[in-house]
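# Architecture at a glance
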Amino acid sequence: MSARLVLLGPPGAGKGTQAARLSDRLGIPAISTGDIFRANVAEQTELGKRAQRYMDAGEYVPDEVTNAMVRDRLAQPDAADGFLLDGYPRTADQVDELEGMLSADGQRLHAVVELTADTDEVVTRLLKRAEEQGRPDDTEVVIRRRLEVYAEQTAPLAATYAARGLLVQVDGIGGLDEVTERIMTALAPHLN
Ligand code: ADP
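Below is a summary of the structure that appears in this document. (Residues numbered from 1 in each chain as written. Predicted model: local features only at pLDDT ≥ 70, side-chain atom pairs only at ≥ 80, totals over all residues. Heavy atoms only, no water.)

### Examining the pairing of strand E1 (residues 4-8)
The element E1 is largely enclosed, with a buried count of five among its five residues. Burial along E1 is two-sided: Arg4, Val6 and Leu8 and Leu5 and Leu7, pointing in opposite directions, are all buried. Across four bridges, E1 lies against strand E3 (residues 83-86) in parallel orientation. Within E3, the residue paired with valine 6 across the bridge is leucine 85. As paired elements, E1 and strand E4 (residues 111-116) share four bridges and run parallel to each other. Counterpart to leucine 7 in the pairing with E4 is valine 113. (Buried < 20%, exposed > 50% of the residue type's maximum accessible area, 1.4 Å probe, protein only. Helix = DSSP H or I, 4+ residues; strand = E, 2+ residues; numbered from the N terminus. Pairing = 2+ DSSP bridges.)

Written as structure tokens, this is what we have:
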């Protein structure tokens, strides 16, 4: 299926988990900017070295770095017929950049899914993940900062996409299967 989708939502809302499931269901690659950055940090590539200090502090990596990375990724053959972006766009500038990348190829987004979850729930989930996985940016101080940056820079994008008729809001609290079904149901009218 050809679907070009964006997954929006605060850290800890379950974007990564749902992105993998939706990718299977829809047969499109899930592209997570956080995962790509982490892989680059692990390998200590130039990109990884540039991104690491921002990530460790819970700040966004500068737009020019992130935009160039996504542009390269979307040019890969597996993204030609569709994709699910997890963690991009996160700023107004990234929204414009993505729009530019797609329209240059005569393409458009089909929908933007916003996964909602309240702050107490996401902090609890992230602290649990910190114990299980030890991600360096899952300390309480950095989690609070990530949530602040999300509220300031990314939450407003929901209104931008709502104005374009693309926003689909889904409650991210519930069982994994339940949330996947909610997303699939909400997306159906946008996938044609
Ligand atoms: P989260 O659980 O906070 O949603 P991600 O795995 O999506 O985490 O991202 C981890 C970090 O990678 C972010 O805190 C940020 O530093 C960086 N990052 C990921 N996507 C972007 C983006 N679109 N723009 C800027 N920085 C990003």
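What follows picks up the thread again.
### Quick word on the side chain of arginine 146
Counting through the fold element by element, arginine 146 comes out in helix H7 (residues 140-154). Once you skip the residues sitting within four places of it in the chain, arginine 146 turns out to touch Pro11, Gly58, Leu126, Arg129, Arg135, Asp137 and Asp138. (Contact = heavy atoms within 4.5 Å.)

### Digging into the environment of glycine 87
Position of glycine 87 among the secondary structure elements: in the loop between E3 and helix H5 (92-104). Looking at glycine 87, the relative accessible area reads 8%, which means it is buried.

### Quick word on the nonpolar core
With 25 residues, the main nonpolar core has Leu5, Leu26, Leu84, Ile183 and Leu187 as its most contacted residues. Those elements that place two or more of their residues in this core are E1, helix H1 (15-26), E4, helix H6 (119-133), H7, strand E5 (167-171) and helix H9 (176-187). Sort the elements by how many residues they give to this core and H9 lands first, with four residues. Those residues within four positions of leucine 187 in sequence are excluded, and the remaining contacts are Leu5, Leu26, Ala111 and Val113. Listed in part, the 22 residues of the second largest apolar core include Leu85, Leu109, Val149 and Tyr150. (Core = buried A, V, L, I, M, F, W, Y, C linked by side-chain atoms within 4.5 Å.)

### A closer look at the site of the ligand
Thr33, Arg38, Glu59, Gly87 and Arg90 are the nearest of the 18 residues found near the ligand. At 3.2 Å from an oxygen atom of the ligand is found a side-chain nitrogen or oxygen belonging to lysine 15. A distance of 3.0 Å is found between an oxygen atom of the ligand and a side-chain nitrogen or oxygen belonging to arginine 146. Against a free-state accessible area of 560 Å², the protein chains account for coverage of 96% of the ligand. (Near = heavy atom within 4 Å. Polar contact = N/O pair within 3.5 Å; in protein donor to acceptor, adjacent residues only side chain to side chain. Areas by Shrake-Rupley, 256 points an atom, 1.4 Å probe, with all protein chains shown as cover.)

### Some words on the pairing of E3
Residues Phe83 and Leu85 point to one face of E3 and Leu84 and Asp86 to the other, with burial holding for every one of them. Direction of pairing for strand E2 (residues 30-32) relative to E3: parallel, over a ladder of three bridges. When the bridges of E3 are listed, alanine 30 appears paired with leucine 84.

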